[in-house]
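The residues making up each chain are set out below.
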Amino acid sequence: MYKVDTYVACVVFSTKRLIVHNEDGIHDRNIILTRRPFDIAVLGNDKISLSFPWSDRKRIEIINTTNYRSEHKIFFINECYGMSYNKGRLFVIVKNEGNLIMDLGGQLFSSLPIKGEGLFYIHVKTERLYCLDKCNDTIQCYDLKGCAVWTHKHSNLRSPRSISSNEKRIFIAGCKSNYIVTTNLNGDIAKVICNSHHGIKDPTSVFVDTHHLLICNGKNSKAFVYKKN
């Protein structure tokens, strides 16, 4: 799930579609995908990337959001999962290889030795890299050399599936706890901002920008857009 300008897009995994709405919830278009993607990353105002770990040819596709055509593909030997884009660099979690840092052409800059059975989701903010481990329900923070900074486990966060941030806080979707949890950038102060009473059910995606918080449920395919007052 992501937002660019006045458009919001969600991936429907079961039908391999990228569904685009305007920020008022009015349907704009459907984009048919050839395979089921895992993650989306926003690459500025006119590009996104999609990861396809379950395709015969495991890859990341760079897609232009003005016409939704594929511009470039980066292929991998192993499964490529979560992604994050920061300052011209694409961070990708690749199975058995750790966290790869590359440019949008696929040129590899470095590889960080960050591995774990449940590490599938990643987010980069300033000089910190945040990972979610859905097996042990932890948030892990590293510097950009791969050195551990902190690890926290919160009782309201079970099976974390997505992570985003603004200038001050991190937002995480707890899929099995039906909570959207926010923490400070040190990870040590957490609170629930949305739960099942607000319609949150198996959340699998969260995205935040300056004025909006976007949440997408996994099973009933409902999406929510909150505007900052």
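Up top is the structure these notes are about.
All of the points below concern the structure found in this document. Numbering of residues begins from 1 in every chain and follows the order in which that chain's sequence is written. Totals for whole chains, interfaces and linings use all residues, but because this is a predicted model, local features are given only for residues with pLDDT of at least 70 and pairs of side-chain atoms are given and counted only at 80 or more. With hydrogens and water stripped out, all remaining heavy atoms of the structure feed into the side-chain values.

Describing the layout of surface pockets
Here is step 1: Lining residues are those with an atom within 4 Å of a point, where the points come from a 1 Å grid over the protein atoms alone and group into cavities, where a 1.4 Å probe fits but cannot get out, or pockets, open sets with protein on both sides within 12 Å along at least five of seven lines. Grid points are joined across faces, edges and corners, and a volume is the space filled by probe spheres set on the points. By volume, the second largest pocket amounts to about 210 Å³.
Here is step 2: Runs of E in the DSSP output that reach at least two residues are strands. Runs of H or I that reach at least four are helices, and both are numbered from the N terminus. Secondary structure elements with two or more residues in the lining of the second largest pocket: β10 (89-94) and β13 (119-125).

What to know about the packing of aromatic side chains
Here is step 1: Whether two aromatic rings pair depends on their centres lying within 6.5 Å, for rings of Phe, Tyr and Trp, where Trp uses its six-membered ring; planes under 30 degrees apart make the pair stacked, over 60 edge-to-face, and the rest tilted. Throughout the structure, instances matching the rule amount to 6 aromatic pairs.
Here is step 2: Put simply, the rings of Phe 38, Trp 54, Tyr 81, Phe 120 and Tyr 121 pair up and form one aromatic cluster.
Here is step 3: Against the face of Trp 54 rests Arg 36, its NZ or CZ located 4.1 Å from the ring centre.
Here is step 4: For a ring to carry a charge above it, either NZ of a lysine or CZ of an arginine must fall within 6 Å of the ring centroid while also lying within 35 degrees of the normal to the ring plane. The aromatic ring of Phe 120 is capped on one face by Lys 134, whose charged end is 4.9 Å from the ring centroid.

Some remarks on the nonpolar core
Here is step 1: Residues belong to one nonpolar core when they are buried, are Ala, Val, Leu, Ile, Met, Phe, Trp, Tyr or Cys, and are joined through side-chain atoms within 4.5 Å. Exposure classes here rest on a 1.4 Å probe applied to the protein chains alone. A residue is buried below 20% of its type maximum, exposed above 50%, and partly exposed in between. Tyr 130, Leu 132, Ile 139, Ile 163 and Ile 172 are the most contacted members of the largest nonpolar core, which totals 14 residues.
Here is step 2: Of all elements in the fold, only β13, β14 (128-133), β15 (138-143) and β18 (169-174) reach the threshold of two or more residues within this core.
Here is step 3: We call two residues in contact whenever any of their non-hydrogen atoms come within 4.5 Å of each other. Excluding its chain neighbours within four sequence positions, the residues that come into contact with Ile 163 are Ile 122, His 123, Tyr 130, Leu 132, Ile 170, Phe 171, Ile 172 and Val 206.
Here is step 4: Listed in part, the 13 residues of the second largest apolar core include Leu 43, Ile 60, Ile 74 and Met 102.

Regarding unusual backbone geometry
Here is step 1: Of note, the phi angle at Lys 87 is positive, near 55 degrees, even though the residue is not glycine.
Here is step 2: Structurally, the position occupied by Lys 87 is in the loop between β9 (80-86) and β10.
Here is step 3: A residue is classified by how much of its surface remains accessible, and Lys 87, at 63% relative accessible area, is exposed.
Here is step 4: With a phi angle near 50 degrees, Thr 126 is a residue other than glycine that sits in the positive phi range.
Here is step 5: Relative to the assigned elements, Thr 126 resides in the loop between β13 and β14.
Here is step 6: For Thr 126, a relative accessible area of 48% gives the class partly exposed.

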